[in-house]
Amino acid sequence: MRVSLNLIKKYVNIPKDIDEKQMAYDLTLRTVEVENVENLAEKYQNICVGKILEVKAHPNADKLRICKVDVGSKTVQIVCGGSNLYEGESVVVALPGAVVVWHGEGEPVTIKETKMRGEDSYGMICASSEVFLDSFFPAQSETEIIDLKGIDCNPGDNIADVMDLNDTVLEIDNKSLSNRPDLWGYYGLARELSTIYRVPLKPLDTYEVDSSLPKYDVTIQDEDKCHRYIAAEIDGIKDISSPIWMQSTLVKGGMRPINAIVDITNYVMLVTGQPLHAFDKTHVIDEKIVVRNAKEGEELLLLDDNTITLTKDDLVICDAKKPMCLAGIRGGKDDSILPDTTGIVLEVANFDAGTIRKTDKRFAEKTDSAIRFEKGLDTQRVDEGINLSLSLIKEIFPDSKIIKYNDVYLHPTEKNIIEVSESWLTERLGKEIDSKTVKELLTYLGYEVKYSKGIYEVTVPTYRSTGDVTIKDDVMGDIARILSFDSFERKPLTINLDHSIKQNDYLLERRIKEYLAFRCGFYEIFTYPWIEEKYLDAVGINKDNCVKLATPPAPELKNLKASLIPGMIEAISKNLRYYDEFKMFEYDEVYQKGAYSPSSEDEVLPIQTKSLVASITGKDAKKIFYELKGVIEQMATYTHMDNIRLEQKEKPSWADINAYLNITKDGEVIGNLGLLSTRVMSQTKIKRTNVALMEIDASKFTSFASRTNKYKKLPELPLIEKDLSIIINTDTKWEDIYKSIKNLAYEVEFVDEYYGNHIPEGKKSLTLKVRFINEDVSMNAEQINEKMTDILNVLNKKCGAELRLE
């Protein structure tokens, strides 16, 4: 959120010894995170108002004009290609030394006195995009320069003063505002500053509405979704621009000026945090407002030209016949303020936060209004909104008149009352705060405080009673942050360590991560606990078996992860835009339907178990499959846990039919390894590569109680190494060969296998390497040949192997 410091100062007098940077620091330390402090005037140095005295053709260029321009202190010549130049025009001039952006694109450049096609040019007559004023003066073409007609200014005036841009803007991180609906209006931030610096907060404008006015017809059909609705019919409205000071405030707040009425509604929202909307009164059929749930399939054309199909869960503002507005989110295009509008129906209302949040997510309409309503606004804030808006309408439209008025007030926000004991507060804060200080701080923040016999009875203001402050810890938090955490003395924690606790499960998890990252070269990734539906569909996971989120971040993200495979596939798809080959792993929880109470019986969560997923992405399918297979086979050895095996029992839904293995422990399948099938890759847009994946149920891992490493003496004599190539059936597994001869040699190692020329059908050639050693003396050729013959005889008997002769 962008905040104008000039507007803040309208409601609170900041001490003179506090500069903008100090204020930003104090706010960050006590209230919200200020990300940046921008002095707008710095951008407009040497940029001033100029008055064109003469315009003549350029002798050497058809599209250029030579202008004599009064810039206050002197008259200068400027060559310009603007299409709307005329004598007597007030324009924006960038004098030498000013910084502009050519045609609103590229890096800023510094203006210098120069010659253009042989003619002297002292500066530049600017288009709006070149001097950051395009929100004030949207151009119809690239050659249109700013025309200051109708704006009170004189030659030589700095444009920052003319456009009320001599101001400082604070950029506040929206995440730090998430639980503070009172701070989504500048007045709430002014209240915080008044508390921090102990200075008075000035009141907002008030407006007395004639109680004898006729009632505007307002009906609220769903009282749970609309708690209050004010409708004010006002005549005497014209299509005019709002004052420069108001336009400037909107621009500094990140909004775009449109016309006086729309600007008033946006300005009031920025100041108070209360959204408003205005309808053209002639478009409200039968002068009747109905707040109701939409009918299934109703359509509404919104102001952003988006036509939406409504559901029965969406709240709409209607006239006697049709929807006019998506309640609390965005107005309809046909019934909002139009160029010929002469009268309006002003809406100031309070809507249910959950309803607004669900609807704005359904239609992807995250507007400024929706952002505020979904935080939970109090109904009393409607008073602030209507009072300030009616005051501004009367100021800008002196001839305007309220014709009808109705305030349907169903559910006033109740103030929370919380008792806080002085002893508890002292214990939690770690130091004693006198009651006078506590009462002063809370009163500045809007609380009502009574103190008696060591107990504070705290009445929370309505703007903090919608979910923000509900328990005594919240009150304590307000006291602590305003005092500043720096004001608390650092004290060491008292800890008694009776004995060490060896957490084998956590140590094993760390060893597995280190094995994959350091020894095997994998990158660890972290993904969200939810997963997009298309990835679940691609890998064949039944969505009905997934745990659902009640309020998902998006409709397609309502399923929690039942497996880490879909999330890994999504990560692979995204990373393929930047890399051809990579290795990744994730060690995280997956969620299953069921009841799990980790802390207490009243805390019921879905069943959560740990899972490990790893992938290798590359062009060579065979290479990445065997590499990942080797990672699994060596994992138990390097991480000191019970051994796991690879067998082929049942194909996982995501794997290629010809390249998969099941990971087992004690005969139970605890995971899968395989190449990603072409079907899954096609559905997830993984192209021109191959992916080897494995997932293991990490809850089945069993860590050894202690390290099982054993000392093994290094050989004193050199190893004898021999290669052996044999012909075997294609279905013979390396595991069977290894088991048959592992006790006949010091080491047995797989080298490769071959299918092709000179190999009979149904057979394959397998090459292995064996190493021998004799502890006493070196082996001679006869002894070596005897051992090789023994190995070949065993392989022939147990595996049907024959020596390959060619």
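All residue numbers refer to position in the chain's written sequence, counted from 1. The predicted origin of the model limits local features to residues at a pLDDT of at least 70 and limits the giving and counting of side-chain atom pairs to 80 or more, whereas totals for whole chains, interfaces and linings rest on all residues. Water and hydrogen atoms play no part in the side-chain values, which are based on all heavy atoms of the structure.

1. Focus on the overall build of the chain
Quick note on the threshold: Helical segments are the DSSP runs of H or I of at least four residues, strand segments are the runs of E of at least two, and each set is numbered from the N terminus. By definition, residues are in contact when any of their heavy atoms lie within 4.5 Å. Values of accessible area rely on a 1.4 Å probe in the Shrake-Rupley scheme; residue burial ignores everything except the protein chains shown. When charges are counted, neither His nor the chain ends are considered; positive counts come from Lys and Arg and negative counts from Asp and Glu. The atom standing in for a charge is NZ when the residue is Lys, CZ when it is Arg, CG when it is Asp and CD when it is Glu.
Check the secondary structure of the chain and you find 19 helices and 39 strands. Principal-axis analysis of the C-alpha atoms places the extent of the chain at approximately 115 × 90 × 60 Å. Pairs at least 24 residues apart make up 70% of the contacts formed inside the chain by residues separated by at least 6 positions. For the chain, the accessible surface area stands at approximately 41,200 Å², while carbon and sulfur atoms represent 47% of it. One finds the centroid of the 104 positive side-chain charges in the chain at a distance of 3 Å from the centroid of its 132 negative side-chain charges.

2. Regarding the packing of aromatic side chains
Test applied: Paired rings are identified among Phe, Tyr and Trp, the last through its six-membered ring, by centres lying within 6.5 Å, and are further divided according to the angle between planes into stacked (under 30 degrees), edge-to-face (over 60) and tilted (the rest). In this scheme, a residue with accessible area under 20% of its type's maximum is buried, one over 50% is exposed, and one in between is partly exposed, where area comes from a 1.4 Å probe on protein chains only. Our definition puts a charge over a ring when NZ of Lys or CZ of Arg is within 6 Å of the ring centre and also within 35 degrees of the ring normal.
Summed over all chains, the structure comprises 11 aromatic pairs. On the numbers, 5.2 Å between centres and 90° between planes, the contact of Tyr-11 with Tyr-187 is edge-to-face. Residue Tyr-11 is located in the loop between α1 (5–9) and α2 (20–30), and its partner Tyr-187 is located in helix α4 (residues 186–196); the two are separated by 176 residues in the primary sequence. On the accessibility criterion, Tyr-11 (2% relative accessible area) is buried. By relative accessible area, which is 9% here, Tyr-187 ends up buried. Geometrically, the ring pair formed by Trp-734 and Phe-750 is edge-to-face, given 5.5 Å between the ring centres and 70° between the ring planes. Taken as a pair, Trp-734 in helix α18 (residues 734–741) and Phe-750 in strand β37 (residues 747–754) lie far apart in primary sequence, 16 residues in all. Within the aromatic cluster, the residues linked to one another by ring pairs are Trp-734, Tyr-738 and Phe-750. Of note, Arg-228 hangs over the ring of Tyr-409, and the distance from its end group to the ring centre comes to 3.9 Å.

3. Some remarks on unusual backbone geometry
Of note in the backbone geometry, Asn-46 takes a positive phi value of approximately 65° without being a glycine. If you trace the backbone, Asn-46 turns up in the loop between β2 (34–39) and β3 (47–58). In this structure Asn-46 comes out as partly exposed when scored by relative accessible area, which is 39%. Phi angles above zero are rare outside glycine, and Asp-666 is one such case at about 55°. Structurally, the position occupied by Asp-666 is in the loop between β33 (655–665) and β34 (668–676). Take Asp-666: its relative accessible area is 77%, and that puts it in the exposed class.

4. As for helix α12 (residues 472–483)
As a reminder of what qualifies: What a helix is expected to span follows from its residue count: subtract one and scale by 1.5 Å.
With 12 residues, α12 should cover 16 Å at 1.5 Å per step; its first-to-last C-alpha distance of 17 Å lies within 8% of that length. When α12 is considered as a whole, its buried residues turn out to be Val-475, Met-476, Asp-478, Ile-479, Ala-480, Arg-481, Ile-482 and Leu-483. Looking at the buried residues of α12, the elements they touch are α2, α4, β24 (417–421), α10 (422–429), α11 (435–444) and β26 (455–459). Within two residues after α12, Ser-484 carries a phi angle of roughly 85°, on the positive side.

5. Brief notes about the sheet that holds strand β21 (residues 330–331)
Heads up, the rule is: Whether two strands pair comes down to DSSP finding at least two bridges between them.
Taken together, five strands build an open sheet; the order of strands is β13-β16-β19-β20-β21 and the sheet is mixed. A single partner strand is all that each edge strand has here, and the edge strands are β13 (217–220) and β21. Strand direction decides the pairing type here: β13 and strand β16 (residues 288–293), joined by four bridges, are parallel. Within the sheet, the bridge partner assigned to Ile-220 lies in β16 and is Val-291.

6. Notes on the environment of Ser-121
To keep things clear, this is the line we draw: The definition of a polar contact used here is a pair of N or O atoms within 3.5 Å, where within protein one atom must be able to donate a hydrogen and the other to accept one, and adjacent residues in sequence count solely through side-chain atom pairs.
Locating Ser-121 in the fold gives a position in strand β10 (residues 119–121). Each C-alpha atom, one on Ser-121 and one on Gln-77, is 5.6 Å from the other, the two residues being 44 residues apart in sequence. Among all residues touching Ser-121, those that are not within four sequence positions of it are Gln-77, Ile-78, Val-79, Lys-112, Glu-113, Thr-114 and Met-116. Within the structure, the side chain of Ser-121 is placed 3.0 Å from the backbone nitrogen of Val-79, a separation counted as a polar contact.

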